[in-house]
Amino acid sequence: MLLEHQGARPRVAASAYVAPTAVLCGDVEVGPDCRILFGAVLTAEDGPIRLGTGCIVMEQAVLRGRAGHPVLLGERVLVGPHAHVNGAEVADEVFVATGASLFPGSRVGAGAEIRINGVLHVNSALPPGAVVPIGWVAVGDPAAILPPGSHDEIWEIQRTLDFVGTVAGVDADALVGESAMAALMETYGALYGRHRDDRMLEG
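Just so you know, these numbers come straight off a predicted model, no measurement behind them. (Residues numbered from 1 in each chain as written. Predicted model: local features only at pLDDT ≥ 70, side-chain atom pairs only at ≥ 80, totals over all residues. Heavy atoms only, no water.)

> Explain the nonpolar core to me, and be specific about the residues and the numbers.
Within the largest apolar cluster, 39 residues are counted, with the highest numbers of intra-cluster contacts made by L42, L51, L63 and L126. When neighbours within four sequence positions are excluded, L126 is seen to be in contact with R107, V108, G109, A112, E113, I114, L120, V132, A138, A143 and I145. By size, the runner-up hydrophobic cluster in this structure holds 12 residues, among which are V139, L161, V167 and V170. (Core = buried A, V, L, I, M, F, W, Y, C linked by side-chain atoms within 4.5 Å. Buried < 20%, exposed > 50% of the residue type's maximum accessible area, 1.4 Å probe, protein only. Contact = heavy atoms within 4.5 Å.)

> Give me the lowdown on the sheet that holds strand β5 (residues 28-30), citing residues and values where you can.
Spatially, the seven strands line up as an open sheet ordered β2-β5-β8-β11-β14-β17-β20, and their pairing is parallel. Of all the strands in the sheet, just β2 (11-12) and β20 (125-126) have a single pairing partner and so form its edges. Pairing analysis gives three bridges linking strand β8 (residues 49-51) to strand β11 (residues 71-73), with the strands arranged parallel. By the bridge assignment, L51 is partnered in β11 with L73. (Pairing = 2+ DSSP bridges. Helix = DSSP H or I, 4+ residues; strand = E, 2+ residues; numbered from the N terminus.)

> Pulling in residues and values, what's your account of the sheet that holds strand β16 (residues 101-102)?
Strand order in this open sheet of 10 strands is β23-β22-β19-β16-β13-β10-β7-β4-β1-β24, and the pairing throughout is mixed. The sheet is open, and its two borders are formed by β23 (144-146) and β24 (199-201), each paired with just one other strand.

> Break down the state of the cysteines for me, with residues and values.
Counted under the stated rule, the structure contains zero disulfides. Between C25, a cysteine without a disulfide, and C34, which holds the nearest cysteine sulfur, the sulfur-to-sulfur distance is 18 Å. Taking relative accessible area as the criterion, C25 reaches 3% and is therefore assigned buried. Left unpaired, C55 is separated from the closest cysteine sulfur, that of C34, by 4.6 Å. (Disulfide = S-S within 2.5 Å.)

> Quick rundown of the side chain of H121? Include the residues and the values.
Position of H121 among the secondary structure elements: in the loop between β19 (119-120) and β20. Classification of H121 by relative accessible area gives buried; the value is 9%. Among the polar contacts listed, one links the side chain of H121 to the side chain of Q158, at a separation of 3.2 Å. Setting aside chain neighbours within four positions, we find H121 in contact with F103, S106, V137, A138, V139, Q158 and F163. (Polar contact = N/O pair within 3.5 Å; in protein donor to acceptor, adjacent residues only side chain to side chain.)

See the structure below:
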């Protein structure tokens, strides 16, 4: 399914394949020889999505372009089933495994691997060739790679990375007396409400 969003239309190279149940919405560019499999969603909310040559986005993966944080995939990047790439820049020949999550502002160096259910946190940078083990968390710039039980160590780094501001555009310091969740929901409601005016395009 191809959708025009905010006046922008997806563009798909002639040699690429997009499964009939995949969704491409807005300013999405799919490069030559890419494969977008069943149920994958590539949605350019308020930032573009660009896929280089030979990328594969597998079933039920979500790629989301954000303001100030586009999704940029290099060449021959594999995004596994149920993975979530949200406003991240990914260099060539990176493996993003099943269920992995890349948060806005994150960057992945060439040849790196984020294994099953691994996390690359907001505004964090994974160097070329690095490996995030199954279920582990990479956080910081450069990223420290920590096991999921290391909550205190993860938070000590994460708290400096402006998660709320980067993900939702909300100034955390201005939330005195206001629910962060209420501010987040207002922001997201407005952002996603723009889809009411989307237009389906002929395949």
